[in-house]
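The lines below spell out each chain.
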Amino acid sequence: MPIPWICVRIFTFIPFAPVMALNKSNIISIVFFAVSALLLLATFYNHKPFRDHFQDPKKGVYPHKGRYIFVDLGANRADSLEVFLGHENSKFVFDFPKPDWATHEEAGEDCTLCLLREDL
Amino acid sequence: MPVERGSLTELFTDLSLSVEIFLFEANPTFNTALVEAKERYDEKGIKVNIYPSTVADLKDGTRTFYLDNVNSGNDFWGSSTHANHPDVVKSHTNGTELTAINVARWLLMNTLPRDFVVVKMDIEGSEYEIIPHMVEMKIWTVLDHLLVEWHPSTLSEGYDVEQVNAASEILEARGVNMPKYDSAA
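Keep in mind the model is a prediction, meaning the values are calculated, not measured. (Residues numbered from 1 in each chain as written. Chains lettered and ligands numbered in written order. Predicted model: local features only at pLDDT ≥ 70, side-chain atom pairs only at ≥ 80, totals over all residues. Heavy atoms only, no water.)

Let's shift gears to the overall build of chain A. Helix and strand counts for chain A stand at five helices and three strands. Looking at chain A as a whole, 37% of its 120 residues qualify as buried. Counting only carbon and sulfur atoms, one obtains 65% of the accessible surface of chain A, whose full area is about 7900 Å². (Helix = DSSP H or I, 4+ residues; strand = E, 2+ residues; numbered from the N terminus. Buried < 20%, exposed > 50% of the residue type's maximum accessible area, 1.4 Å probe, protein only. Areas by Shrake-Rupley, 256 points an atom, 1.4 Å probe, with all protein chains shown as cover.)

Right under this line is the structure:
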């Protein structure tokens, strides 16, 4: 495997760096190490900073958003569900609470909802 | 069923968001309607989990449920766990044993603190028992919004309104939002 090999090369190279002359093999090792390090760092880079943490003042901070859950106790024939989903012909109208990230207006290329979609 | 622009239905079907819906209903009269609703929304990619003939309760087990057979125009709204409910008395029913679920425990088992949890409660007076129990179970760990349709006419069943008021205050102090809710039903 290249990674363990390069680690051996690095650890054997570093103590002797001041006295070793730069040769082609060492230069290649250095370049390979630098590229590997950059690639490794790139996996940690987060271009979705607001996905790092989801902060709920009541529940604390969590590493990622959860599910949107609706529990209907006393559902009858599921007519409250139609209200929840905003159907035109529902029995009544009520604006059920929804999380900030579940709004149609936020749908688009760079948005929270798209990030959720990527996770599905 | 038409899908409105900007409605949550369109939102959930267009973007395949992971919304989970759980419907609990004790009255066996609505079993078919619940199954049909589940099938209808499943075709649209919306996950609906149903608990038909299931009583929202303080503990797991069974509970006697009394049917209202007289209010057909109002979806038999008198059906409940109260044998002395006027509509139950008029219906001359003996009651039937149904599965009961400890709702607070169920919520703690099936939701996570990071979830956005909305519970709507329209349970014909049982809210006066269940809400204090929710406080005992520290339900604020997982519950974000609790919408209760209150049934003060059932207070004659011996419920302690002071206890439930105190419980509601504790839930709100702990971060559970309890807005006013009243359905047309």
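Take a nonpolar patch on the surface next. Taken together, the side chains of L22, I27, I30, V31, V35 and L39 of chain A make up a nonpolar region of the molecular surface, amounting to roughly 560 Å² of accessible area. Inspection of the secondary structure puts V35 of chain A in helix α2 (residues 24-44). (Patch = residues over 30% accessible without salt bridge, like charges linked within 9 Å, V, L, I, M, F, W, Y side chains within 5 Å. Salt bridge = Lys/Arg side-chain N within 4 Å of Asp/Glu carboxyl O.)

The next point concerns unusual backbone geometry. Despite not being glycine, A78 of chain A shows a phi value in the positive range, around 70°. Locating A78 of chain A in the fold gives a position in the loop between β3 (68-73) and α4 (79-84). Not every positive phi belongs to a glycine, and H92 of chain B is a case in point at roughly 55°. Classification of H92 of chain B by relative accessible area gives exposed; the value is 71%.

Attention now goes to a negative patch on the surface. Residues and elements named next belong to chain B. On the surface, E36, E39, D42 and E43 cluster together into a negatively charged patch. Within the secondary structure, E36 is located in helix α2 (residues 31-43). Take E36: its relative accessible area is 44%, and that puts it in the partly exposed class. (Lys, Arg positive; Asp, Glu negative; His and termini not counted. Charge placed at Lys NZ, Arg CZ, Asp CG, Glu CD.)

We now examine the nonpolar core. In this structure, L107 and L146 of chain B are the most contacted members of the largest nonpolar core, which totals 32 residues. With sequence-adjacent residues up to four places away left out, L107 of chain B is seen in contact with V71 of chain A together with V117, V119, M134, I139 and V142 of chain B. (Core = buried A, V, L, I, M, F, W, Y, C linked by side-chain atoms within 4.5 Å. Contact = heavy atoms within 4.5 Å.)

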